[in-house]
Amino acid sequence: MIDWLYRYPPLYPGILLKRYKRFFADVQLTSGEIVTAHCPNTGPMTGVSTLQSAVQLSKSDNLNRKLAYTLELIQVHDNEPTWVGINTFLPNRVVKLALAKHLFSELGDYSQIKGEVVYGLDKKSRVDFFLTGSDEEPPIYLEVKNTTLSEGRLALFPDTETTRGQKHLRELMALLPLTRAVMLYFINRGDCIEFSPGDRTDPIYGKLLRDAIALGLEVLPCRFDISPEGIRYLGLAKLKI
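Nothing here was measured: the structure is a model prediction, and the numbers come from that model.

Enquirer: Explain the overall build of the protein chain to me, please; I cannot follow it from the model alone.
Expert: Within the protein chain one finds three helices and 17 strands. Taking 18 Å as the expected radius of gyration for a compact globule of 241 residues, we find that the protein chain reaches 18 Å, a close match to that expectation. For the protein chain, the spread of C-alpha atoms along the three principal axes comes to 60 × 35 × 35 Å. Out of the 241 residues in the protein chain, the part that is buried amounts to 49%. Partitioning the intrachain contacts of the protein chain with sequence separation of at least 6 by distance along the chain shows that 63% fall at a separation of at least 24. Looking at charge distribution, the protein chain has the averaged site of its 29 positive side-chain charges lying 5 Å from that of its 28 negative ones.

Put into C-alpha cells, the structure is as follows:
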C-alpha cells in the first residue's frame, strides 16, 4: 500500500491550450469541452508550461467561485514522462503533514510546529514554519520553496529573479548562529535526483545561498513523487553547490 502524504481530489485530464495573465489557463478536457482554469502559480513556470502538454485539473463545488477548475499538474518529458505539481499553495500543506509525521530526520526532535511566525529584522516577514522542542535545543526557522525548474535530473531554484527569495535568505542568515535556520526546497517532480541554485536565472540568489550555507544555513532539497493520485516523499536530492 502506497503511503501517500497527500491525496488529490478527483482530477480532470486535459490539454493545456493557453496560459495568460499569470492566473488563467485555457484547457481542453478529454470530453472536448474547453474551460478556463485558475492557475495558482504566479511565477513564469519556466520549462513546465509548454502548450499542448497534458494537465490535470481539480474542480470546486463552491458556486461562488468565478473559476470552478484549478490547474494542479502538468506533464513534462525532460527525462521521461513526469508529472509536475504547479499549485504553489500545496507545498506548505504537504510539508506540514510531513513535519507532523517527523519524516525529515535531519531536523531532529521537535514537539511543536507553528506556521507563519513573524520574524526578520523589520518584523515584517513570516517564516513558513517555526519548530521548537526542549529548552536545550535551539528553535528551528524553516522556509519552504517550491521547485519545478530542471536541467536533466538537476532541480534548480529559482526559475526567475526573486528579490523576495533573496530577502528570505538574508533574514535567515541574520538568525545564525543563535538558532537553526533551514531552507527546504520542495522538488515538485519525481525525476530530479540532484539540486543546485539557479545561477543563470538569479546569480545573486545563488551567491546568497552559498554565503548562507557557509554561515550555517541548513539546506534540505526534498524530492517528492507527484502523480494524479497524490504526493509521496522520496527523500533528499544530492546538494550540488
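Right, picking up where we left off after that structure.
Enquirer: What should I look at first to understand the sheet that holds strand β14 (residues 194-197) in this one?
Expert: Remark on secondary structure: sheet strands pair via backbone hydrogen bonds, oriented parallel or antiparallel. Here we have four strands laid out as an open sheet, ordered β11-β12-β14-β17, and mixed in their pairing. Two strands in the sheet have a free side with no partner beyond their single neighbour: β11 (149-151) and β17 (238-239). Relative to strand β12 (residues 154-157), β11 runs antiparallel, the two sharing three bridges. Along β12, the bridge assignment pairs L149 with L156.

Calculation notes
- Residue numbers restart at each chain and count upward from 1, following the sequence in its written direction.
- Since the coordinates come from a predicted model, pLDDT governs what is reported: local features require at least 70, and pairs of side-chain atoms require 80 or more to be given and counted, while whole-chain, interface and lining totals use all residues.
- Side-chain figures throughout are based on the complete set of non-hydrogen atoms in the structure, without hydrogens or water.
- Per the convention used, a helix needs a DSSP run of H or I reaching at least four residues, while a strand needs a run of E reaching at least two, with both numbered from the N terminus.
- For the radius of gyration, the atoms used are the C-alpha atoms, and the globule rule reads 2.2 Å times the number of residues raised to 0.38.
- For every residue, the accessible area (1.4 Å probe, protein chains only) is compared with the maximum for its type, and the residue is labelled buried under 20%, exposed over 50%, or partly exposed between those bounds.
- Any two residues whose heavy atoms approach within 4.5 Å at even a single point are treated as in contact.
- Under the convention used here, Asp and Glu are negative, Lys and Arg are positive, and both His and the chain ends fall outside the count.
- For charged residues, the charge sits on one atom: NZ in Lys, CZ in Arg, CG in Asp, CD in Glu.
- For two strands to be treated as a pair, DSSP must find at least two bridges joining them.

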